[in-house]
Amino acid sequence: MDLHERARARCHWLPDLTGRTGARYQVLVDQLAADIASGQLKPGDRLPPQRLLADALEVTIGTITRAYREAERRGLVEARVGSGTRVKGTTEQPPDFHHLSRAGHDSIDLSLSIPIPNPLRQQQLAAILQQIASLPTAIESALTYQPEQGSPLQREQLCQWLNAQGLMLLPEEVILTEGGQHADFLALQALIKPGEAVASAALTYPGMIAAARQLGLKHIPVPMDREGIRPDALERLCQQQRIRLLYLMPEYNNPTGLSMSQQRREAIVEVARRHDMLLLEDGVQFVTPDLRGTPLFELAPERALYIFSASKLLSGGLRFGALRAPSNLMPQLRVALRAQCWSSPGLMGAVTCQWLAKGHADPLLHWHWDEVRTRQKLLHEVLGQYNLSSHPCGFHGWLQLPEPWRAADFVKLADSRGVTLIAAEPFCVGTQPAPQAVRICVTPPASRERLQEGLERLAQLLHDEPPLMPPLL
Ligand SMILES: Cc1ncc(COP(=O)(O)O)c(C=O)c1O
């Protein structure tokens, strides 16, 4: 073994720089940032001594010194006399969503559909921001106006990631948006005229209800069964009036957690074709390929739009999403997006696409998908004896309350026991009565133990039964 081989054998972090162009020290720092982002290097991990790494990589010690100094300047590492150079930890608290939640500070929040807090998210974003600073294409896209559809490079990168997840979208059929809600609003605004009718499951995502109302559209509720929207009921509604677009979440409906079988998807596509109706498929609640059915844009590419968002994968604060549309609709979408905001911000696109690219986000995503599944099992362990529906990788469950519970009382009493929930009301389309049900989100608590505590308080409450109302005259 020569000197270099011996050094390589002793290095616990050995970046592969072969074939990489640019100044050696810079390439080394970029690789360091990428390895922190991917979780390969964790806060507190010690970098190899400079002399050892120089021998291992067959570069001068000056190159390593310069790289470590640059990494320190970029906030990736800190050097302490006597303990070497270590990967910097985050001192920040996980994000506090209390401005969104109605939960008090001591309350266990089961009301918000947000990713599970994890400091790895902050660490990865910090490292990605460092990488972005040295990527000329990212700087360029932040400083120049983008085409309405969004940067071609970012659409390419996004589609590469989606394709690897089994979602076969093409860059030319995608328009980048400022999140899923924006994609939803954009589709409705560009394609449907005020006064025209759109439809959705009778229980649906409140952002869709708000967008349709804001745009002056008629919003028709479609009756549901165990798979969501009923094709026979949809057919009847279509015979009574012209419905321009059907909004749906075939993978799992927010809030009911219900999924559509292949047969159900095909039946809905058939109705849509018969009545020349557009389909707006909301895929914001991302489902892993092993649990996903056939997306509607594959079954009916000529009429199905598809919404993607980074909000449930990485963070809602990025405000990054995309809308897939058939090519004949793209000109209208481009014109509407330009009228709204010209294009989605290039910098946020660069951050998100860089984060998703080359597996940087994988450690966070895989942890998250595993953790959500474990939490779903916990939900069923604690409340499975009741009428509960949910998806194995869903952020929430839907609990039909046993008699004689009413949802408003249950939410109020849960609140008094320190658990915050949402009842069915905001998910109801039109004026139909709300079912006596609540949505229970498993993702907001920072730990599994805290979730379990919240769920057990709900189980106890269900066991105790509601208090009798005083008689009224
Ligand atoms: C079904 C559904 N669609 C869209 C959105 C909005 O996504 P974004 O935060 O990317 O705007 C949400 C957010 O909870 C959602 O649940």
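Recorded under Sequence similarities (unreviewed entry), the UniProt text for the chain is reproduced unchanged: "In the C-terminal section; belongs to the class-I pyridoxal-phosphate-dependent aminotransferase family."

Draft legend 1. The arrangement of the nonpolar core in detail. In terms of nonpolar packing, the biggest core is built from 54 residues, with Leu158, Leu246, Leu279, Phe308 and Leu314 touching the most fellow members. Here this core spans two domains, since at least three of its residues come from each of domain 2 (108-114 + 362-464) and domain 3 (126-358).

Draft legend 2. Representation of unusual backbone geometry. Look at the link from Asn254 to Pro255: it is a cis peptide, with omega at 20 degrees. With respect to the helices and strands, Pro255 occurs in the loop between β9 (243-248) and α11 (262-274). In this model, Glu403 is joined to Pro404 through a cis peptide bond whose omega is 5 degrees. Residues other than glycine seldom take positive phi values, yet Arg319 does so here, at roughly 50 degrees.

Draft legend 3. Representation of the sheet that holds strand β13 (residues 387-390). The strand order across the open sheet formed by four strands is β13-β14-β17-β16, and the pairing between neighbours is antiparallel. Edge positions in the sheet fall to β13 and β16 (422-423), since each has one partner strand and no second. Examined bridge by bridge, β13 and strand β14 (residues 396-400) share four bridges and lie antiparallel to one another. When the sheet's bridge partners are listed, Ser389 is paired in β14 with Trp398. Across the sheet, helix α15 (residues 362-383) lies against β13, β14 and β17 (437-441), angled at about 175 degrees from β13, the strand it touches most. Lying over the sheet, helix α16 (residues 407-416) contacts β16 and β17, oriented at roughly 40 degrees with respect to β17.

Parameters and conventions
Residues numbered from 1 in each chain as written. Predicted model: local features only at pLDDT ≥ 70, side-chain atom pairs only at ≥ 80, totals over all residues. Heavy atoms only, no water. UniProt positions renumbered as here; feature names shortened; annotations may be inferred. Core = buried A, V, L, I, M, F, W, Y, C linked by side-chain atoms within 4.5 Å. Buried < 20%, exposed > 50% of the residue type's maximum accessible area, 1.4 Å probe, protein only. Domains from an automatic or database assignment. Helix = DSSP H or I, 4+ residues; strand = E, 2+ residues; numbered from the N terminus. Pairing = 2+ DSSP bridges. Contact = heavy atoms within 4.5 Å. Axes fitted to C-alpha atoms, helices over the stretch in contact; angles between N-to-C directions.

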